[in-house]
Every structure is written in structure tokens, then in C-alpha cells.
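Structure at a glance
The chain contents come next:
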Amino acid sequence: MFQNIGEMIVLFWRTLQALPQSVRQRQKIFEQLFEIGNASLLMACILSVFIGGVIALQTGPVLAERGLASAIGGLVGLSVCKELGPVMMAVLIAGRIGSAMAAEIGSMRVYQEVDALKTMNINPIHYLVLPRILAISVALPVLVVFAVLVAWFGGALVSMLNHRIDVPLQTFFTNLREVVHLRDVVNGLVKSWVFANVIGLVSCHQGLQTIGGPRGIGRSVTKAVVNSIVMILILDYFLTRILMYFDK
Amino acid sequence: MMNAGGNKIQSCGVRVEVRGLHKSFNGDAVLRDINLDVAPGEVFVIMGPSGSGKSVLLKHIIGLERPDSGQILIAGESIEAPGVMERHRMAMVFQSGALLNSLTVGENVGLYLSEHRLKSETEIATIVAEKLSLVGLKGSEARNVSELSGGMKKRVSIARALVIEPELLLYDEPTSELDPLMSVTIAEEIVNLNERSRVTSIVVSHDRDLAFGIADRIALISEGRIITVGSASDVRACQNPVVQRFLNASFKHPHPVL
């Protein structure tokens, strides 16, 4: 485990050193951005409607019983933009995009395509890792913005339609505007940016470490997804703790 | 020096020296005290049974593997010296072709030039078309790699290597998985290339016909050791039992049909 972490730190450092190459690799970055956005936007939106809806459904009746139903907008708004939006989207992207990254680079490694790049004096970090990490670190925060907006809408819809909550849309969003500030949204975006880098780094690292045939590729994909999710959940706690200092 | 199309080819071979090379994987010695000298412009074939360490040796020569001990010198410079890959153009034709599946044939062939920004897009397209026609694949720039047969992939891989205008060209089992006609085409291509550009060619193969047909010199490797090095006639005359067994191995049917 410590060896893996050490290798990932080295890979991250080499990717940082390769940043001046980003302009040259812009075509591949755009391709990756399209791949990530196109593959995930619809799924992210569907997932988010239900996330917002289920929070409203779980908390709304309890609040309504105590005469606090009008506070549901703030509750759904805050929990989605600070916690559930970034974390759930990161988990979704780890499964959808992280696995694809590990599989693609892993198969390139197994079928000697990475070796072929090296013999042409093309650095695999510049060619494969940098565009993927840059694309995911832009795409995930953008997806989170969409997800948060859709989840708020889902929460509002459930609050209005469910007879045990029965909060009009206007009341929901008025309360949401009173409680949720721009810094809360930025807080969630910072988290999602960190998660994106973790997913990109873990997946590319696992891909480059692939050995063996198809079984090796399968193993790398599983490791990339599981390790990414574990790291997201652990980092989420520490990031929340750190970002709390900026809430004051 | 001019090629068939009348264009100037700038390549000329480099000397390759392998000194006391040792390599083990998980405690198993794969290469043991390998010493070789390959002269500039020579076609040098490394022959031996499967699993004898030929491909691992080739990977060391192009810097894909690091030796446990010993060194590889390209034109007198260690392969591990900084910038040696930039100073001496080297290319390798992989056993599987190792073409990038996400790119078309043309993009694969022009990858070196486009990634290093050595030519404009129009010039790259011209060079790619020229190299593809050299290997008999004129007009296949737009095809996907997945549409190609094994022989075509090998020829595209050779075209990709030619674009680099290499001083050293390594071939890993260039005729494996190919039918006899295609094997002859590839062998002719290796010889033609060598005659056109005097590139140093190191070919790893267990194909005896190919080795004796194209080689200036042959090394026979077995269990990670060089058994013999010399011209085709020297190797044929070598009385070492390992060499004789390898050269004379043939299948005899237990129940021959009369």
C-alpha cells in the first residue's frame, strides 16, 4: 500500500512537471473532456434528481411534524452542495470514467503500446496521463454544478408533491437562498476538484502498473475503482475538517 | 543516398555494443553475461529457441529494460546517458505491431512527427503516404488498426519505424504468425531497407530461413547465454550440440504415409 502511495506521489509530481505541455496536448484534453461529459452528464442528472428527492423524503416529514417544513430548502441545499453532490458524483465518475481510464491505459501497457510510445521518445505521462488528469479535474466540478442544481430541483419537487411535506417551490427556494451561500457551493467544488485529481491519479497509476493479459487489466480496473472510492471517502472527512476553518 | 522515389534518406547506422549484460526476473536469470558488437549498417540476427531471452535482450538495447549489471553502448554512449534517445534515432518493430488502437493507420505512422512537431500537417501526410507505399499499403491511411490483418499490422509498424529515419532499427519476431508469402515480403523489406539507408538492423527471430536469408551475422542464444556468433556459414559449421540441435530440428511423423 505504501509503495502504491509513493508511486502515485511520484506520478503526481511528474504530471505537475508536465503541465507546461498542456497547450500542446489540448486536442487530447478536449477529446477526454467530451468523453467524460458525454458519458456522464445524463447519468449524473438522473442520479441527482433522486438524491435531492430522497433527502427531502427522509427529512421533510420529520421537519413538518415539528412545524419546521419551511426549513427543508436550506437542509437539502446545504447537504447536496457541500457533501452529497461532490461525493456521489466522485463515486459515479470513479466507476464510470476511472475504470475506463485504467482499462484503456492497462490494455495499452499489456499490448506494448506504452513501450511503443517510449521507443518513439514520447513520454507516456505527457501523452496519456496529463490529458486525462486535466480533463477530469475540469469535468468533475462542472458535473457537480449540474448535479447540485438538478438535486435541488429534485428536492423541491418532492417537497411540493409529497402530502406529508407539502412545501411550495417558492418557499423551498427562498429558504435555500437564505441558508446556502456562494462559499458553500465553492466548498463543494473544491472537494470535487480534489476528488477528480485522486480518481485520475489512481486510475492512471493502476493502468500503467498493469501486468499480465486480460486478467491483469480486470484486476487494475477493480483496484482503480475500489482504491479511488476508499480514498474519496477518507479524504472527504479531512477536507471537510479543513474547509470548516473557512466557513467561520 | 536516394530511395526508390528519389528522395534523400538521411539515415545511416550506429554501432551497438553490449557489455557483460545480466538480467534476472524474480531470481531467475534471463540474460547471463551477454557480450555483442554490431557494426554500423549491419543486419544482425539474434536467433534462439522460445524463452531463451532474445526479446528481453532487444528491450535492453532500446532502453525499455534496465540491466542488473553490464551496459549497452549506442555509438559509444551508454543507453542510460541523458539525451541519448534524442541524439540517436532508434525504432522498434514489435512482435504484435504495438499500433495504437485508438488511432488510424495514418495517425499511427505519423505519430512521431506529429507529437514532436517536426513537420507541418501537409508534410506529415506526404511522408506517411510515402512510407505506407514503401511497405505496400498505399492509400490505407484512414483505415482503423482493428481492420488490419497480422501481416498488415507488422508492415504498418515498419512504416511507423521508417518515419523516424532510424539509425538503429530493431525487429522482434518480424515473421511470427505470418504465412510464408508474407514472411518473404517482410524479409525482403528488411533487406531493402538496409540497402537503401544502411540502417543498423537487429532482428530477433527463431525463423531459421529468415535468419540465414537476411543476416550479415547471426548470434545464437540459449538459456540466456550467447552460444555462437558469426556469419551464416560460421553458425552452420559450429559443432556445438545446442546449435546443431536448433538448426537441424525437424518433425518426423511416427507413422509415415508411404
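The paragraphs below set out a description of the structure included in this document. (Residues numbered from 1 in each chain as written. Chains lettered and ligands numbered in written order. Predicted model: local features only at pLDDT ≥ 70, side-chain atom pairs only at ≥ 80, totals over all residues. Heavy atoms only, no water.)

**Notes on the overall build of chain A**
Along chain A, the regular secondary structure elements total eight helices and zero strands. Start at the N end of chain A and walk to the C end: the helices and strands fall as α-α-α-α-α-α-α-α. Looking at the 248 residues of chain A, the share that counts as buried comes to 48%. Carbon together with sulfur atoms contributes 69% to the accessible area of chain A, which is approximately 12200 Å² in total. Averaging the locations of the 19 positively and 13 negatively charged side chains of chain A gives two centres separated by 6 Å. (Helix = DSSP H or I, 4+ residues; strand = E, 2+ residues; numbered from the N terminus. Buried < 20%, exposed > 50% of the residue type's maximum accessible area, 1.4 Å probe, protein only. Areas by Shrake-Rupley, 256 points an atom, 1.4 Å probe, with all protein chains shown as cover. Lys, Arg positive; Asp, Glu negative; His and termini not counted. Charge placed at Lys NZ, Arg CZ, Asp CG, Glu CD.)

**Details of the packing of helix H1 (residues 2-17) of chain A against helix H5 (residues 124-161) of chain A**
Residues and elements named next belong to chain A. Here H1 crosses H5 at 95 degrees, and the two axes come no closer than 10 Å. Between H1 and H5, the angle falls in the class roughly perpendicular. Within the contact between the two elements, H1 uses Leu11, Arg14 and Thr15 and H5 uses Ile125, Val129, Leu130 and Ile133. Looking at the contact of H1 with H5 residue by residue, the class counts come to five nonpolar, one polar and one charged. (Axes fitted to C-alpha atoms, helices over the stretch in contact; angles between N-to-C directions. Parallel < 35°, antiparallel > 145°, perpendicular 65-115°, else oblique. Contact = heavy atoms within 4.5 Å. Nonpolar A, V, L, I, M, F, W, Y, C, P; charged D, E, K, R; others polar.)

**Examining the pattern of salt bridges**
Within the structure shown, the criterion is met by 18 salt bridges over all chains. The partner of Glu65 of chain B in a salt bridge is Lys23 of chain B, and the shortest N-O contact between them spans 4.0 Å. One end of the pair, Glu65 of chain B, is in the loop between helix H1 (54-61) and strand S4 (69-74); the other, Lys23 of chain B, is in strand S1 (residues 16-25), and 42 residues separate them in sequence. Classification of Glu65 of chain B by relative accessible area gives partly exposed; the value is 23%. For Lys23 of chain B, a relative accessible area of 10% puts it in the buried group. Between Glu173 of chain B and Lys54 of chain B there is a salt bridge, and its shortest N-O distance comes to 3.8 Å. Pair noted here: Glu173 of chain B is in the loop between strand S7 (168-172) and helix H7 (180-197) and Lys54 of chain B is in helix H1, with a separation of 119 residues, a long-range link. Looking at Lys54 of chain B, the relative accessible area reads 5%, which means it is buried. Linked through salt bridges whose partners overlap, the residues forming this network are Glu83, Lys191 and Asp236 of chain A. (Salt bridge = Lys/Arg side-chain N within 4 Å of Asp/Glu carboxyl O.)

**A word on the nonpolar core**
Within the largest apolar cluster, 111 residues are counted, with the highest numbers of intra-cluster contacts made by Leu140 of chain A together with Leu169 and Ile218 of chain B. Considering each element in turn, this core owes the most residues, 17 residues, to H5 of chain A. Setting aside residues up to four positions removed in sequence, Leu140 of chain A forms contacts with Met89, Ala90, Ile93, Ser192, Phe195, Ala196 and Ile199 of chain A. Residues Leu31, Leu57, Ile74 and Ile221 of chain B belong to the second largest nonpolar core, which totals 32 residues. (Core = buried A, V, L, I, M, F, W, Y, C linked by side-chain atoms within 4.5 Å.)

**Comments concerning the packing of aromatic side chains**
Pairs of aromatic rings are described using the distance from one ring centre to the other and the angle between the two planes. If you walk through the whole model with that rule in mind, you get two aromatic pairs over all chains. On the numbers, 5.3 Å between centres and 85 degrees between planes, the contact of Tyr237 of chain A with Phe238 of chain A is edge-to-face. Lying across the ring of Phe212 of chain B, Arg236 of chain B places its NZ or CZ 4.2 Å from the centre. (Phe/Tyr/Trp six-rings, centres within 6.5 Å; stacked < 30°, edge-to-face > 60°. Lys NZ or Arg CZ within 6 Å of the ring centre and 35° of its normal.)

**Quick notes on the sheet that holds strand S8 (residues 200-205) of chain B**
Residue and element names in this part refer to chain B. Taken in spatial order, the six strands line up as S6-S7-S8-S3-S9-S10 in an open sheet, and their pairing is mixed. Only two strands of the sheet have a single partner each, and these edge strands are strand S6 (90-93) and strand S10 (225-230). Strand-to-strand twist across the sheet, computed as the mean angle between neighbouring axes with direction ignored, equals 15 degrees. Where strand S3 (residues 43-47) lies against strand S9 (residues 217-222), four bridges are found, and the strand directions are parallel. Paired with Val45 across the two strands is Ile218, which belongs to S9. In this fold helix H10 (residues 241-248) packs onto S3, S9 and S10, with an angle of close to 105 degrees to the strand it touches most, S9. (Pairing = 2+ DSSP bridges.)

**Quick look at helix H6 (residues 169-179) of chain A**
Since the α-helix packs 3.6 residues into each turn, any two residues three or four apart lie on the same face. All names here are of chain A. Looking only at H6, the buried set comprises Phe172, Asn175 and Leu176. Projected onto a plane normal to the axis of H6, the buried residues spread over an arc of 105 degrees and lie on a single side. Of the residues in H6, the exposed ones pointing more than 90 degrees away from the buried face are Gln170, Arg177 and Glu178. (Arc of directions from axis to C-beta.)

**Description of the sheet that holds S4 of chain B**
All names here are of chain B. One open sheet accounts for four strands, arranged S2-S1-S4-S5; its pairing is antiparallel. With one partner strand each, in any of the chains shown, strand S2 (28-38) and strand S5 (77-78) form the two edges of the open sheet. Across seven bridges, the pairing between S1 and S2 is antiparallel. Each bridged residue has a counterpart across the sheet, and for Leu21 the counterpart in S2 is Ile34. H1 rests against S1, S2 and S4 of the sheet, and its axis sits at about 120 degrees to S1.

**So, the interface of chain B and chain A**
Between chain B and chain A, the contact holds 21 residues from the first and 17 residues from the second. Here chain B and chain A share an interface that buries about 1700 Å² over both sides, 55% of which is from carbon and sulfur atoms. Counting across the interface, chain B meets chain A through one salt bridge. Salt-bridge contacts for Lys28 of chain A lead to Glu115 of chain B; the nearest nitrogen and oxygen are separated by 3.1 Å. At the junction of chain B with chain A, the criterion picks out five residue pairs in polar contact (both at pLDDT 80 or more). (Buried area = accessible area lost by both parts, 1.4 Å probe. Polar contact = N/O pair within 3.5 Å; in protein donor to acceptor, adjacent residues only side chain to side chain.)

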